[in-house]
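Fold and contact review
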Amino acid sequence: MTTVITYGTFDLFHQGHYNLLKRAKELGDFLIVGVTGETYDVERGKLSVQDSLATRIENVKATGFADKIIVEEYLGQKIPDIIKYHVDIFAIGSDWKGKFDHIGKYCQIVYLERTKNISSTLLRESNMSIYNFGIVTDSLYDNETVIEPKIVSGIHVESVYSPKPDVAKQFSEIYELNAGFSNYKEFLQDTDIVYIKMPRNQRKEYVVEAIRNKKHVICDMPITMDAEEEQEILNYANRNGVSLFCNVMTLYQHAFGQLLWMARGNLIGDLVSIKCSISRSAFDKKCEFDFMDLAYYPICVITKIMGSEYDSVHSKLIKDGEEIAYGVITFDYQNAVAVAEVSMDLDVSGSMTIVGTNGEITIPEDWWRMGYFKLRNWSEPRAKHYSSNFEGNGFRYLIQAILSDIRMESSDTTRITLSEHRSITEILNMVQ
Ligand code: C2G
């Protein structure tokens, strides 16, 4: 007898899940299905799961393919299950290729081809909780933009657009997407949320066209260096009733929300200074951002924390030929100062320190990921440590935030306001 095991969340049960279970069953005689428990999904960073565990189990049961259903309750449960149930084959969708190779010591692994484009089937029409996600890019480097949104239940990553037809084709093949387009209008037709991952001089036209077609948009920032033009685009999104989110993932981390309101809420007294540094390679190893794109991150976070009422901004830039290699940007406020150190190729610490009249908040490294921070109020005997679950590269939390916005479940209090947008773009223009 051949025993097969497979695992999944099986949220918003669809044709892709059905096909996977059918194919897994066909691999042997006895199929065990592990349905992920709620705490395990939280632990592994799966977000926005809609159906209860009981409903998800019922849906798996209703297919008639499962001979036994178990609950996957913790990270590291798969191998003990395989040993316990004498499993011969571990089957999983091909979108997980390479991620489960360690299991190969205990049984055979079979990657089953994932079902493409399930979102445009009848199921999607009957279930408006599912949204198609498409990527606009001119490079094959994905920076996890394919795998991260998949971790958010209800999002289906289906297509890519590139002005370079060979990139569109290769990208969709490498990441097993349903389609690669080099016609933007066609690409937009079956897409609900568009991520614009393009060099700055091309962002605006793609954003405007997507909004015109009533698509929700995520865009690398700044969209344009022209503050007026940017305000018009933000207002245009508003008028069209679509969400326009900037890709500054820090803003969507739970810990950032906490830090922001603790810093602004006087927990360390009046704010006196903030210093943060960022270097391109630590931020993202293959980062394609230029200096202004990278500088957007600290300027945005400083603006959120300290406000946009600065008195003056100075910058000192060190150039390597024509290119800016390193820069320090200083903002003077009436009774406070902020310093952003931005480095293209030199490594800098990646720390953030916020000093107040009664205490200090510190993040020792990679503050833009914001999984952890320490708050010290000098009137208390000990520092307090705050951490929150942070998985992947953080992009999934942005996807979760835009999804809640679209579903009108919540509106984020850490989002950049119109006047903050204007201030950030004006500061970028002063950095010369
Ligand atoms: N799947 C598929 N085609 C789709 C969508 C999903 O073949 N269009 C497959 C997935 O590859 C997976 C299974 O259906 O094998 C269940 O998918 P999910 O419910 O999204 O679960 P997942 O997050 O992939 O969890 O321990 C859990 C496992 O790691 C998989």
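The rules we used
- Residues numbered from 1 in each chain as written.
- Predicted model: local features only at pLDDT ≥ 70, side-chain atom pairs only at ≥ 80, totals over all residues.
- Heavy atoms only, no water.
- Near = heavy atom within 4 Å.
- Polar contact = N/O pair within 3.5 Å; in protein donor to acceptor, adjacent residues only side chain to side chain.
- Areas by Shrake-Rupley, 256 points an atom, 1.4 Å probe, with all protein chains shown as cover.
- Helix = DSSP H or I, 4+ residues; strand = E, 2+ residues; numbered from the N terminus.
- Nonpolar A, V, L, I, M, F, W, Y, C, P; charged D, E, K, R; others polar.
- Buried < 20%, exposed > 50% of the residue type's maximum accessible area, 1.4 Å probe, protein only.
- Pairing = 2+ DSSP bridges.
- Axes fitted to C-alpha atoms, helices over the stretch in contact; angles between N-to-C directions.
- Expected span 1.5 Å × (residues − 1).
- Phe/Tyr/Trp six-rings, centres within 6.5 Å; stacked < 30°, edge-to-face > 60°.
- Lys NZ or Arg CZ within 6 Å of the ring centre and 35° of its normal.

A few points about the site of the ligand
Around the ligand, the structure places 21 residues, and the nearest of them are Phe-10, Lys-46, Glu-72, Asp-95 and Trp-96. Glu-72 places a side-chain nitrogen or oxygen 2.6 Å from an oxygen atom of the ligand. Residue Thr-115 places a main-chain N or O atom 2.8 Å away from a nitrogen atom belonging to the ligand. Burial of the ligand by the protein chains amounts to 93% of its free accessible area of 630 Å². Broken down by secondary-structure element, the contributors of at least two residues to the shell around the ligand are β1 (3-8), α1 (15-26) and β4 (89-93). Here the residues of the shell around the ligand sort into seven nonpolar, eight polar and six charged.

Some remarks on unusual backbone geometry
Here the residue pair Met-221 and Pro-222 is connected by a cis peptide bond, since its omega of -5 degrees sits within 30 degrees of zero. Note on placement: Pro-222 falls in the loop between β10 (216-219) and α10 (227-239). Although it is not a glycine, Asn-143 adopts a positive phi angle of roughly 50 degrees. For Asn-143, a relative accessible area of 25% translates into the label partly exposed. The backbone of Met-370 sits at a positive phi, close to 50 degrees, despite the residue not being glycine. Looking at where Met-370 falls in the secondary structure, it is placed in the loop between β17 (359-363) and β18 (372-377). Accessibility expressed as a relative area gives 1% for Met-370, which makes it buried.

Digging into the sheet that holds strand β8 (residues 179-181)
Read across the open sheet, the six strands follow the order β8-β7-β6-β9-β10-β11; overall the sheet is parallel. The outermost strands of the open sheet, each flanked by one partner alone, are β8 and β11 (244-246). Averaged over all adjacent pairs, the angle separating strand axes in this sheet is 25 degrees, with direction ignored. Relative to strand β9 (residues 193-197), strand β6 (residues 131-137) is paired through five bridges, and the arrangement is parallel. Counterpart to Val-136 in the pairing with β9 is Ile-196.

Considerations on helix α14 (residues 395-406)
The end-to-end C-alpha distance of α14, which contains 12 residues, comes to 17 Å, matching closely the 16 Å that a straight helix rising 1.5 Å per residue would cover. Within α14, 11 of the 12 residues are buried, which leaves it mostly tucked inside the rest of the structure. Residues of α14 that are buried: Phe-395, Arg-396, Tyr-397, Leu-398, Ile-399, Ala-401, Ile-402, Leu-403, Ser-404, Asp-405 and Ile-406. Positive backbone phi, at 55 degrees, marks Met-408, one or two positions downstream of α14.

Some words on the packing of aromatic side chains
Scanning all chains against the criterion turns up 22 aromatic pairs. Consider the rings of Phe-245 and Tyr-252, whose centres lie 5.5 Å apart with planes at 15 degrees: the pair is stacked. The exposure classification of Phe-245 matches that of Tyr-252, with both residues buried. The rings of Tyr-161, Phe-181, Tyr-184, Phe-187 and Tyr-206 are connected pair by pair, giving a single aromatic cluster. The cationic tip of Lys-78 hangs over the ring face of Tyr-7; the distance from NZ or CZ to the ring centre is 4.9 Å.

All quantities given are derived from atomic positions and should not be read as evidence of function.
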